[in-house]
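Commentary on secondary and tertiary structure
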Amino acid sequence: MCFGKCARYIGYKLLILAFLCIVANILLYFPNGETRFASEHRLSKYVACLHGIIGGGILIFLPAAVFIGLEYDNCCGCCGHENCGKSCAMLSSVLAAFIGILGSGYCFIISALGLSHGPYCLSAAEQNWVYPFTNSSGGYLLERDKWSECREPRNIVEWNLTLFSILLVLGGIELILCSIQVINGFLGGICGVCCNREEKYAC
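The structure contained in this document is the topic of the report that follows.

Okay, the overall build of the chain next. From N to C terminus, the chain includes five helices and three strands. Shown N-terminal to C-terminal, the secondary structure of the chain runs as helices and strands in the order α-α-α-α-β-β-β-α. Counting all 203 residues of the chain, 43% fall into the buried class. Only carbon and sulfur atoms are counted for the fraction: they give 64% of the accessible area of the chain, which is about 10,400 Å².

Spelled out as structure tokens, the structure:
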């Protein structure tokens, strides 16, 4: 299998994952479809980190675009050699992959922190807006009977749990794909873009 085709396949997968991350992050701003909690700044501080929009989204679009263009990249010459343009392009894709690793890693870490810290809500016990599960270190996730402690927004625990979990998984998959491209880029740059050694690339 061509290294360029592998990179292109990874690129298309990353585009889909980045789009899903952006959608999931936007939904975190509107629990139950309501906008007032965002306008009143009564959402978890981890929602405002934009980890799905910036980390899992925008910072993934760049490497995705680079990877997709690799199979048809006809850049000519490098280091004085006429036919090594594609190998240089594959090696340069490693830099784009590292950008993707940073973005997906950010998305993954913030999502994990958001799950561990719990939602910001109106506590039935304290009659105030607090993080009622902040000291549980994520233990509240297994204690469903305690979720009713959050009075507003309604079902905020389920809402945050679902979307932060989705972002955690998506960020993890993006991280794996970008890491694969680091290896693919090195192999493609060192061994040549196509497995067929007899293939020539005309400029």
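Moving on, we get to the state of the cysteines. The final tally for this structure, using the stated rule, is one disulfide. Covalently, cysteine 121 is tied to cysteine 150 through a disulfide, its sulfur atoms 2.0 Å apart. Taking the torsion about the S-S bond as the criterion, the cysteine 121 to cysteine 150 disulfide, at about -60 degrees, is left-handed. Of the two residues, cysteine 121 sits in strand E1 (residues 121-123) while cysteine 150 sits in strand E3 (residues 150-152), which places them 29 residues apart along the sequence. The exposure classification of cysteine 121 matches that of cysteine 150, with both residues buried.

Over its 20 residues, helix H3 (residues 51-70) runs 27 Å from end to end, which matches the ideal 28 Å to within 8%, given 1.5 Å per residue. Roughly 35 degrees is the biggest bend found in H3, and it falls at isoleucine 60, with proline proline 63 one to four residues downstream. Among the residues of H3, those classed as buried are His51, Gly52, Gly55, Gly56, Gly57, Ile60, Pro63, Ala64, Phe67, Ile68 and Leu70.

Opposite charge on two side chains allows them to pair when their charged atoms are near. One pass over the full model with this rule turns up five salt bridges. Between lysine 146 and glutamate 143 there is a salt bridge; the shortest N-O distance is 3.1 Å. Residue class for glutamate 143 comes out partly exposed when judged on its relative accessible area of 31%. Members of the salt-bridge network, linked through shared partners, are Glu34, Arg36, Glu152 and Arg154.

Residue proline 153 follows glutamate 152 across a cis peptide bond; omega there is -10 degrees. The residue proline 153 is located in the loop between E3 and helix H5 (156-191) in this model. The backbone of leucine 50 shows a phi angle near 55 degrees, a positive value even though the residue is not glycine. Within the secondary structure layout, leucine 50 lies in the loop between helix H2 (36-39) and H3.

The subject of this paragraph is the packing of H3 against H5. For the pair H3 and H5, interaxial distance at closest approach is 11 Å and the crossing angle is 30 degrees. Put simply, H3 runs roughly parallel to H5. Judged by the twist between their axes, the crossing of H3 over H5 is left-handed. Across from His51, Gly52, Gly56, Ile60, Phe67 and Leu70 in H3, the residues of H5 making contact are Phe164, Leu167, Glu174, Cys178 and Gln181.

Strand order in the open sheet made by the three strands is E2-E1-E3, with antiparallel pairing throughout. Each edge of the sheet is formed by a strand with only one pairing partner; in this case those strands are strand E2 (128-130) and E3. Here the strands of the sheet are splayed against their neighbours by 55 degrees on average, with no regard to which way each runs.

What follows deals with empty space enclosed by the protein. Space left empty within the atom packing is revealed by a probe, the size of a water molecule, rolled over the atoms. Taken as a whole and judged by the stated rule, the model has one cavity of 30 Å³ or more. Roughly 30 Å³ of volume is contained in the largest cavity. Surrounding the largest cavity, Gly114, Leu115, Gly118, Pro119, Tyr140, Leu141, Val157, Asn160, Leu161 and Phe164 form its lining. Going through the elements one at a time, helix H4 (85-117) and H5 are the ones with two or more residues in the lining of the largest cavity. In terms of residue class, the lining of the largest cavity is made up of seven nonpolar, three polar and no charged.

Cut-offs and rules
- Residues numbered from 1 in each chain as written.
- Predicted model: local features only at pLDDT ≥ 70, side-chain atom pairs only at ≥ 80, totals over all residues.
- Heavy atoms only, no water.
- Helix = DSSP H or I, 4+ residues; strand = E, 2+ residues; numbered from the N terminus.
- Buried < 20%, exposed > 50% of the residue type's maximum accessible area, 1.4 Å probe, protein only.
- Areas by Shrake-Rupley, 256 points an atom, 1.4 Å probe, with all protein chains shown as cover.
- Disulfide = S-S within 2.5 Å.
- Expected span 1.5 Å × (residues − 1).
- Bend = angle between axes of the 7 residues up to and from the residue.
- Salt bridge = Lys/Arg side-chain N within 4 Å of Asp/Glu carboxyl O.
- Axes fitted to C-alpha atoms, helices over the stretch in contact; angles between N-to-C directions.
- Parallel < 35°, antiparallel > 145°, perpendicular 65-115°, else oblique.
- Left-handed = near helix turned anticlockwise from the far one by under 90°.
- Contact = heavy atoms within 4.5 Å.
- Pairing = 2+ DSSP bridges.
- 1 Å grid on protein atoms, 1.4 Å probe; cavity = no way out; pocket = protein on both sides within 12 Å on 5 of 7 lines; lining within 4 Å.
- Points joined across faces, edges and corners; volume = space filled by probe spheres on them.
- Nonpolar A, V, L, I, M, F, W, Y, C, P; charged D, E, K, R; others polar.

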